[in-house]
Amino acid sequence: MSSIKNITSSTNMPPDLAKKIGVGGVNEILDVLWRGYFEVKKDASFLVTPSSEEDDITQKWYEAILGIWDSRNRATSITLNALRPIHQYADNTMKKRKGAKAPTIDFCFKDWSTDNCYFGAEAKNLYEHRPDKIERYVSTGVDNYTSGRYGSQSSESSIIGYVLSGNIPDLVNELRAEMQKSVPVSNLTRSTSPNPQYKSNHLRTTDNEEVTLHHLFFNFVSA
């Protein structure tokens, strides 16, 4: 059940977006993320190769998600009607100084009624035999959430792994070992989704609140 009823006029902090939209809302967003991936996969005009850039894949994925989002039956998704998909959103929450560039997340579902309140999706390319990419997934993906740099107003967010070579189970094992270095509350565990989806739990350093990260692995390896 949404926690929006517990928000009062005296509350200084913005509502936790994940709690506001509830489990059903988070699951609907995750479903849309997967549906967008399948749309990209079946588009013969867009070929993903090991040399593909993250930003190019994300742009195509965003376009697919936007179409899916706009075609939803909004009457059955009342709690999500205040959200809109945003590509390359600049989050000013952790902006260090005047004039500095704000951290920019790859993609998010933004609550238009609240500054910097969104469900984030940060994407990273993954390859077999590339430990630098494993480290980058954690240092510029997981760590950006746990530091509050991204998604500081939501207790749930997502990270997308574009798998461009190798197999997902092996890459997950490598990621699990790398993430263990920062001592998560719970490391990568498989979700009940039929797709390769995992989750992990961490303590956010800015407020010591527990956050859940949903890890979705999009398989773009050529058959």
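Coordinates for the structure precede this section.
Here is a short report on the structure shown in this document. A quick note: this is a predicted structure, and the numbers were derived from the prediction, not measured. (Residues numbered from 1 in each chain as written. Predicted model: local features only at pLDDT ≥ 70, side-chain atom pairs only at ≥ 80, totals over all residues. Heavy atoms only, no water.)

On inspection of all chains with the given rule, the structure shows 18 aromatic pairs. Seen in terms of ring centroids, Trp61 and Phe218 are 5.4 Å apart; in terms of plane orientation they differ by 80°. Their pairing is edge-to-face. With Trp61 in helix H2 (residues 54–70) and Phe218 in strand E7 (residues 210–219), this pair connects stretches of sequence that are 157 residues apart. By relative accessible area, which is 2% here, Trp61 ends up buried. According to the relative accessible area criterion, Phe218 is buried, its value standing at 1%. Put simply, the rings of Trp34, Tyr37, Phe38, Trp61, Tyr62, Trp69, Phe107, Phe109, Tyr162, Phe218 and Phe220 pair up and form one aromatic cluster. (Phe/Tyr/Trp six-rings, centres within 6.5 Å; stacked < 30°, edge-to-face > 60°. Helix = DSSP H or I, 4+ residues; strand = E, 2+ residues; numbered from the N terminus. Buried < 20%, exposed > 50% of the residue type's maximum accessible area, 1.4 Å probe, protein only.)

With that settled, the discussion passes to H2. When the terminal C-alpha atoms of H2 are compared, their 24 Å separation across 17 residues agrees well with the 24 Å that a helix rising 1.5 Å per residue should span. Within H2, the full set of buried residues consists of Glu54, Ile57, Thr58, Trp61, Tyr62, Ala64, Ile65, Ile68 and Trp69. (Expected span 1.5 Å × (residues − 1).)

Structurally, the position occupied by Ala121 is in strand E3 (residues 118–126). Looking at Ala121, the relative accessible area reads 1%, which means it is buried. C-alpha separation for the pair Ala121 and Leu33, spaced 88 residues apart in sequence, amounts to 9.0 Å.

This brings us to the sheet that holds strand E1 (residues 83–90). Across a sheet, strands are paired by hydrogen bonds formed along the backbone, either parallel or antiparallel in direction. Strands sit in the order E1-E2-E3-E4-E7-E6-E5 across an open sheet of seven strands; the sheet is mixed. Edge positions in the open sheet fall to E1 and strand E5 (186–190), since each of these has one partner strand only. When the angles between neighbouring strand axes are averaged without regard to direction, this sheet yields 25°. Alignment of strand E6 (residues 197–203) against E7, held across seven bridges, turns out to be antiparallel. From the neighbouring strand, Lys199 faces E7, where its bridge partner is His214. Relative to the sheet, H2 contacts E1, strand E2 (104–111), E3, strand E4 (156–163) and E7, its axis offset from that of E1 by approximately 165°. Where helix H4 (residues 168–180) meets the sheet, it contacts E3, E4, E5, E6 and E7, and its direction lies at approximately 165° from that of E5. (Pairing = 2+ DSSP bridges. Axes fitted to C-alpha atoms, helices over the stretch in contact; angles between N-to-C directions. Contact = heavy atoms within 4.5 Å.)

As a further point, take the pairing of E2. Here E2 lies mainly inside the structure; seven of its eight residues are buried. Here E1 runs beside E2; their pairing, made up of seven bridges, is antiparallel. Residue pairing for E2: His87 is matched across the bridge by Phe107. Pairing geometry for E2 and E3, over four bridges, is antiparallel. Within E3, the position partnered with Phe107 by the bridge is Ala121. Here E2 folds back onto E3, and the loop between the two strands holds six residues, one of which, Asn116, carries a positive phi near 60°.

What the second largest pocket holds in volume is close to 230 Å³. Lining the second largest pocket are Val23, Val26, Asn27, Leu30, Glu156, Ser191, Thr192, Ser193, Gln197, Lys199 and His214. For the lining of the second largest pocket, the secondary-structure elements that each account for two or more residues are helix H1 (17–41) and E6. Here the element with the most residues in the lining of the second largest pocket is H1; it accounts for four residues. When its residues are assigned to classes, the lining of the second largest pocket shows three nonpolar, six polar and two charged. (1 Å grid on protein atoms, 1.4 Å probe; cavity = no way out; pocket = protein on both sides within 12 Å on 5 of 7 lines; lining within 4 Å. Points joined across faces, edges and corners; volume = space filled by probe spheres on them. Nonpolar A, V, L, I, M, F, W, Y, C, P; charged D, E, K, R; others polar.)

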